[in-house]
Structure formats: C-alpha cells, structure tokens
Amino acid sequence: MSLRYAYNTNGMTSHRLDDALALLADTGYDGVALTLDVAHHDPYAPDLAGRTARLARRLAGLGLASVVETGARFLLDARRKHHPTLVSPDEADRARRGDYLRTCVDVAADLGSEAVSFWAGVPEAGTDRERCWGWLVDGVRDVVSYATGRGVRCAFEPEPGMLVDDCDDWARLAALVPGLTLALDTGHCLVSGRYSPAEAVRAFRPALGACAVEDMPRGRHEHRAPGEGDMDLPAVLGALTETGYRGLVSLELSRDAHRADVLVPAALSALRAAERAHSEAVLLEVTAT
C-alpha cells in the first residue's frame, strides 16, 4: 500500500486554513499536520471548542486525517521565538508551555488526530543541562499523563540544537516516560545523530508516533522541498513502507509559504515518484536474483 502523506500548515500561512485544507484534499493528500498558531486555528482566540468542532466536521468532509503540531514560533511570546519551553529556568514559564501543550492535546482529542507532536526547547545560556533534563522529564510526564486520559498519542520530536537533539536523546527520555512515542523528522538525521534517515526509521519503527520527510542539506538545519537537499527519499520512503508504517508522513516547509500553491502539488508528486523509484529498484533486484 502507498504511504499516507500530509502537509504542515506552517508552510501555508499565506492561505486561510479552509483554503489550505481544500488545496490539500484536492491535490490528493491524506491528511494535514496542523500547527496551532496565530494564522491557523489559534488556540487562544475565542470559542476554541466551537471552532474545533467545526474544523473536525470540515476535515471529515474533505477526507483528511490530522496530526497536531506545536511548533508555533511566537504564539506564547510575541518577542521571543519558541519561548517559553519545557526547559525554561522559570517555573511559571514551564507551566505556561505545559498548559499550551495540554490545550493542543484537547484539540487533538476533539479532532480525532493521530498524534500530538512536541519538542524540548533549547536550554538557556548558563543553565545546568541536568537540571533541564529534570524539568523536561517532569513536564513530559505531565503532558503524556494528560494525553493518555484523553486517548491521544504523544510523539516527541528531537530537534537539532535542542536539549533532545537526536534519536538517542529521545531514547533516554522515553526510558523515563512510559508511553512516549517518537516524532521522527528524518531530515534531522542529516544534521544530528548517528543514524541515517533510513536507518532511523528501521531502528525506531516500533516507537514511531509521527514522521516527517522533508529534504535537508547535510549538516544544516534547513527544511527544503523534495529534491532540494541531500535526502535519499526512495530509501527513506522504502524503509517506511517495508516496516509497515501507516501513520501520516508529513512535509514541513515553513519557510516556503510564499510558494505553497506550487509546492503542495509538486512535493506530493515528488514523494510518489520516490516511492515508485524504490519499488522499481526492489523489483529489479528481485529479478536479478
């Protein structure tokens, strides 16, 4: 069976959410990675419950599944990107991030989303990293406990430069927080860690709760469209197919909203072509033997 693809709304911020969803459905995507943000489904705007119920009906009508993403840049602080985090030194700041993540869990529960994806944050200068780990474990445990009660899967994403930087860091955290799955952005494997993207899929497949496959240049954390970086897409998509992954496979192209009209269809075509390339390579190998 073909993989199921989604596109992150943080790469469609020049579109109204309803228009973005229609574009994804009309193009042939199976779902949407919904970043709750000022542009799309602001969790702090009035009548969140009512808006979420209407969005759930719209997604059902379009045949789109969803995952909820939490990487809004300035939603919690208009002057500091991604602040506060679960590793901020101030307890009130950490609590504010936790409240936001629980709100995201509520939205995911009401939408019937496949997962909520979130990350650690970057430790502030001069902060002891082991103390940060303690704060992180406490915060993640709280979110996972809340999500379990609402029937929502929590997927934690390693991000280059953050406290949880790679898959091995995720494994350390997951050992301390039962029930935590991995949100694997395969492009990040070209920047951090000891696994290639395809190796990471195979090594962590039993723990995968969410997955993204945008391209990336080796050694640089720059999200790029398929074919614009160093990702071996046929190998990665082949690994996902062969290991039986059935969750949404997302594209996160947050710096390309100005060309979403072109990228949304082009990216899906590139992904399908990469799937076919892998299948043809496997067929040739079988035939040759």
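About the criteria used
Residues numbered from 1 in each chain as written. Predicted model: local features only at pLDDT ≥ 70, side-chain atom pairs only at ≥ 80, totals over all residues. Heavy atoms only, no water. Helix = DSSP H or I, 4+ residues; strand = E, 2+ residues; numbered from the N terminus. Buried < 20%, exposed > 50% of the residue type's maximum accessible area, 1.4 Å probe, protein only. Contact = heavy atoms within 4.5 Å. 1 Å grid on protein atoms, 1.4 Å probe; cavity = no way out; pocket = protein on both sides within 12 Å on 5 of 7 lines; lining within 4 Å. Points joined across faces, edges and corners; volume = space filled by probe spheres on them. Nonpolar A, V, L, I, M, F, W, Y, C, P; charged D, E, K, R; others polar.

Asks: I'd like a rundown of the environment of P158, residues and numbers included.
Replies: Relative to the elements of secondary structure, P158 occurs in the loop between β5 (154-156) and α5 (167-176). A relative accessible area of 5% means that P158 is categorised as buried. P158 sits 11 residues away from D169 along the chain, and the two C-alpha atoms are 7.4 Å apart. When neighbours within four sequence positions are excluded, P158 is seen to be in contact with V164, D165, D166, C167, W170, L182, A183 and H188.

Asks: Give a description of empty space enclosed by the protein that names residues and reports values.
Replies: Counted by the stated rule, this structure contains two cavities of 30 Å³ or more. A volume near 120 Å³ is recorded for the largest cavity. Along the wall of the largest cavity there are 15 residues; nearest its centre are E69, S117, E157, C211 and A212. Its residues assigned to classes, the lining of the largest cavity comprises eight nonpolar, three polar and four charged. Volume-wise, the second largest cavity comes out at about 90 Å³. For the lining of the second largest cavity, the element with the most residues is strand β6 (residues 181-185), which contributes three residues. Tallied by class, the residues present in the lining of the second largest cavity amount to six nonpolar, three polar and four charged.

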